[in-house]
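# Analysis of the macromolecular model
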Amino acid sequence: MAISYELVSPVSQEAAGRLRRISRWARAFSYVAAALMLFGLIWLWTDAEALSDYARSSIGLRNSALAASGRGYWAGFALAWIPAGLFVLAMVRLGALFRAFGEGRVMVEKNAAGLVRVGWLLACFGATSPIVRALQSVALTFDNPQGQRHLAITLDPGIFAALAAAAALIAFGHVLREAIRLADENQSFV
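How each quantity is defined
Residues numbered from 1 in each chain as written. Predicted model: local features only at pLDDT ≥ 70, side-chain atom pairs only at ≥ 80, totals over all residues. Heavy atoms only, no water. Helix = DSSP H or I, 4+ residues; strand = E, 2+ residues; numbered from the N terminus. Rg over C-alpha atoms; globule rule 2.2 N^0.38 Å. Buried < 20%, exposed > 50% of the residue type's maximum accessible area, 1.4 Å probe, protein only. Contact = heavy atoms within 4.5 Å. Areas by Shrake-Rupley, 256 points an atom, 1.4 Å probe, with all protein chains shown as cover. Lys, Arg positive; Asp, Glu negative; His and termini not counted. Charge placed at Lys NZ, Arg CZ, Asp CG, Glu CD. Salt bridge = Lys/Arg side-chain N within 4 Å of Asp/Glu carboxyl O. Phe/Tyr/Trp six-rings, centres within 6.5 Å; stacked < 30°, edge-to-face > 60°. Patch = residues over 30% accessible without salt bridge, like charges linked within 9 Å, V, L, I, M, F, W, Y side chains within 5 Å. Expected span 1.5 Å × (residues − 1). Polar contact = N/O pair within 3.5 Å; in protein donor to acceptor, adjacent residues only side chain to side chain. Core = buried A, V, L, I, M, F, W, Y, C linked by side-chain atoms within 4.5 Å. Bend = angle between axes of the 7 residues up to and from the residue.

Per the secondary structure count, the protein chain includes 5 helices and 2 strands. Going from N to C terminus, the protein chain has its helices and strands arranged as β-α-α-α-β-α-α. Against the compact-globule benchmark of 16 Å for 190 residues, the protein chain has a radius of gyration of 22 Å, which places it well outside the compact range. When each of the 190 residues of the protein chain is scored for burial, the buried share is 39%. Long-range pairs, those at least 24 residues apart, make up 80% of the contacts in the protein chain between residues at least 6 apart in sequence. Within the structure as shown, the protein chain displays about 11000 Å² of accessible surface, and the carbon and sulfur contribution to it stands at 68%. In the protein chain, the 17 positive side-chain charges and the 12 negative ones have mean positions that sit 3 Å from each other.

Okay, structure coming up:
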């Protein structure tokens, strides 16, 4: 059984309006975050200077010679789509979840499952990012002369933030699922 708000008084209409506004802003933020990830990914891999800065800082190729061949560039670019795709998918699903909230479908089993899914997508994003960066370090240097090829492993606070947010969303999804069950159980007693 789904529980949704009903517009029975001016106060509840006001609350419903607030929920719609907040959901609309949150949904827009989710979609903008997804679009910025796609824009940033394409910009990064088409701007040689930005890619060089990224390779030296985020990938971890600080003082390494960067003479990426075509195959190294394309391999690194293809790898970049893995965490970016996970993030974009998480933001699109989060936007859909906020759409449901804005339409008054709050205490619904589907939303709890959606929160858990978004959490797992962000967990995968956080877990794959350092692996992808390590593989990119190899891809961007595998055509370097012998002795100048690198495998760089980097971790940054953003990875841990993504994992913490993922854990919170997964936990909140499970809590929401239990709250829905309790509400259904209480409703059956009435």
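So, on to the pattern of salt bridges. Summed over the entire model, instances satisfying the criterion amount to 5 salt bridges. Linking E178 and R181 is a salt bridge whose minimum nitrogen-to-oxygen distance equals 2.6 Å. Separated by 3 residues within a single helix, E178 and R181 lie in helix α5 (residues 157-189), roughly one turn from each other. Judged by its relative accessible area of 43%, R181 falls in the partly exposed class.

A separate point is the packing of aromatic side chains. Within this structure, the stated rule accounts for 8 aromatic pairs. Consider the rings of W45 and Y73, whose centres lie 5.6 Å apart with planes at 65°: the pair is edge-to-face. Taken together, the residues W45 in helix α1 (residues 10-46) and Y73 in helix α3 (residues 70-102) connect sequence positions 28 residues apart. Here F98 and F101 contribute two aromatic rings whose centre-to-centre distance is 5.9 Å and whose plane-to-plane angle is 80°, an arrangement assigned as edge-to-face. Pair noted here: F98 and F101 are both in helix α3, with a separation of 3 residues, about one helical turn. Given the relative accessible area of 22%, F98 is considered partly exposed. Since its relative accessible area comes to 15%, F101 is described here as buried. Clustering of aromatic rings is evident, with ring pairs tying together W45, Y73, W74, F77 and W81.

With that settled, the discussion passes to a nonpolar patch on the surface. A cluster of nonpolar side chains, namely V32, L36, F39 and W43, defines an oily patch on the protein surface of about 450 Å² accessible area. Its location among the elements puts F39 in helix α1. Judged by relative accessible area, F39 falls into the exposed class, the value being 56%.

Helix length check: α3, at 33 residues, gives a terminal C-alpha distance of 47 Å against a target of 48 Å (1.5 Å per residue), a fit within 8%. Count one or two residues on from α3 and you reach G104, which has phi positive near 90°.

Note on placement: R62 falls in the loop between α2 (48-57) and α3. Separated by 89 residues in sequence, R62 and L151 have C-alpha atoms that sit 12 Å apart. Once you skip the residues sitting within four places of it in the chain, R62 turns out to touch R56 and S57.

Within the secondary structure, S129 sits in helix α4 (residues 109-141). A polar side-chain atom of S129 sits 2.8 Å from the main-chain carbonyl oxygen of F125. Beyond its immediate sequence surroundings of up to four residues, S129 is in contact with P83 and I159.

Moving on, we come to the nonpolar core. Judged by nonpolar contacts, the single largest core of 21 residues is most densely connected at F87, A90, M91 and L122. Of all elements in the fold, only α1, α3, α4 and α5 reach the threshold of two or more residues within this core. For L122, the contacting residues outside a window of four places in its chain are F87, A90, M91, A162, A166 and L169. Listed in part, the 14 residues of the second largest apolar core include A50, I59, L61 and A84.

End to end, α4 covers 48 Å across 33 residues, agreeing with the expected 48 Å (1.5 Å per residue, within 8%). In the structure, α4 departs most strongly from a straight axis at T128, where the bend amounts to approximately 30° and where the proline P130 lies between one and four residues downstream.

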